[in-house]
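# Structural characterization, general
Now for the letters of each chain:
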Amino acid sequence: IIDLGGNRGAFSTLMTNTAERIVIVECFEQYEQIIHNNFKNNGFHNYALETSFIGEGGMTMSDSQTINMDELFDRYKLDEVDFIKMDIEGSEFSLFKNANWLDRVKALSMEVHAECGNPSIIINILQAKGFAYRTAHENLQEAQGNDQVCFIYAWKS
């Protein structure tokens, strides 16, 4: 599992019962100790924490180093990823400029910030890479048009 925008590690901690390995990317250093404590308290040790900003643009300002998806996959020797959770405050659009990393991903769930880009771009790339998908608006009900998309759930069909 990859958790992009790990924050305090709540999602990653919930995955400790099912994940073989978890890689968390969080740009804010103040969450490092909280994340480490969450894993320690759950007896889960097969994880890596990357304190970096992933992508570019978006709504988050950080002084952290920057990493892209290819670097992340290479650094942690990720040949295949079962699931990616993505909540990176608008930087998600930059990750899809070079989306070859999707070839190694089985499923993903992402928050989309339409003020930072057009969700249709991401949806079209996912479809071209063989993903089926569902979208939802902010109330988690199915989005009726791409202008309402706040969440995308995608899996290899």
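See above for the structure.
Now for a quick tour of the structure. This structure is a prediction, so every number in the text was calculated from the model and none was measured. Each chain has its residues counted from 1, running along the sequence as written. Local features in this predicted model are restricted to residues whose pLDDT is 70 or higher, and side-chain atom pairs enter the listing and the counts only when it is 80 or higher, whereas totals over whole chains, interfaces and linings include all residues. Excluding hydrogens and water, the side-chain values take into account all heavy atoms of the structure.

## So, the overall build of the chain
For the chain, the helix and strand inventory stands at 5 helices and 9 strands. Here a helix means four or more residues in a row that DSSP labels H or I, a strand means two or more in a row labelled E, and each is numbered from the N terminus. Counting helices and strands in the order they occur from the N terminus, the chain gives β-α-β-α-β-β-β-α-β-α-β-α-β-β. C-alpha atoms define the radius of gyration, and 2.2 Å times the number of residues to the power 0.38 defines the globule rule. Against the globule reference of 15 Å for 157 residues, the chain gives a C-alpha radius of gyration of 15 Å, in line with a compact fold. With respect to the principal axes defined by its C-alpha atoms, the chain has extents near 40 × 35 × 30 Å. In the chain, which comprises 157 residues, the share counted as buried stands at 46%. Only heavy atoms enter the contact rule, under which two residues are in contact if any of them lie within 4.5 Å. Taking the intrachain contacts of the chain between residues at least 6 apart in sequence as the baseline, contacts between residues at least 24 apart amount to 58%. In short, Shrake-Rupley with a 1.4 Å probe defines the accessible areas, and a residue's cover is counted only from the protein chains shown. When the accessible surface of the chain is summed, it comes to about 8300 Å², and 44% of that surface belongs to carbon and sulfur atoms. Taken together, the 12 basic and 23 acidic charged side chains of the chain have centroids lying 6 Å from each other. Each residue is assigned to one of three classes by its accessible area relative to the maximum for its type, calculated with a 1.4 Å probe on protein chains only: buried under 20%, partly exposed between the two thresholds, exposed over 50%. The charge count treats Lys and Arg as positive and Asp and Glu as negative. His and the chain ends do not count. In this description, the location of a charge corresponds to atom NZ of lysine, CZ of arginine, CG of aspartate or CD of glutamate.

## A word on the sheet that holds strand S3 (residues 47-50)
Paired strands are those between which DSSP finds at least two bridges. Strand order across the open sheet formed by 7 strands is S3-S2-S1-S6-S7-S9-S8, with mixed pairing between neighbours. Looking at strand neighbours, the two that pair on one side only are S3 and strand S8 (131-136), the edges of this open sheet. Neighbour-to-neighbour, the strand axes of this sheet turn through a mean angle of 10°, independent of strand direction. Across 4 bridges, strand S2 (residues 22-25) lies against S3 in parallel orientation. Note that in S3 the partner of Ile 22 across the bridge is Tyr 47. Convention adopted: a line fitted to C-alpha atoms gives each axis, helices being fitted over their contacting stretch, and angles between N-to-C directions are expressed from 0 to 180 degrees. Across the face of the sheet, helix H2 (residues 32-41) comes into contact with S2 and S3 while running at roughly 175° to S3. In the packing of helix H5 (residues 119-128) onto the sheet, contacts are made with strand S7 (107-111), S8 and strand S9 (151-156), and the angle to S8 comes to roughly 155°.

## Remarks on the side chain of Lys 85
Here Lys 85 is to be found in strand S6 (residues 84-86). Whenever a nitrogen or oxygen atom comes within 3.5 Å of another N or O atom, the pair is scored as a polar contact, on the condition that within protein one atom can donate a hydrogen and the other can accept it, and that pairs from neighbouring residues in sequence are kept only if both atoms are in side chains. Engagement of the side chain of Lys 85 in a polar contact is seen with the side chain of Asp 3, the distance being 2.5 Å. Sequence-distant contacts of Lys 85, defined by excluding residues within four places in its chain, comprise Ile 2, Asp 3, Leu 4, Gly 5, Gly 6, Phe 11 and Ser 109.

## Things to note about H5
Every buried residue belonging to H5 is among Pro 119, Ser 120, Ile 122, Ile 123 and Leu 126, and all of these are buried. The arc that holds the buried residues of H5, viewed along the axis, is 160°, so those residues lie on one side. Packing partners of the buried residues in H5 comprise helix H4 (92-95), S7, S8 and S9. The opening residue of H5, the one whose side-chain oxygen lies 2.8 Å from the backbone nitrogen of Ser 120, is Asn 118. An arc is given here, and it is the one of the directions from the helix axis to the C-beta atoms.

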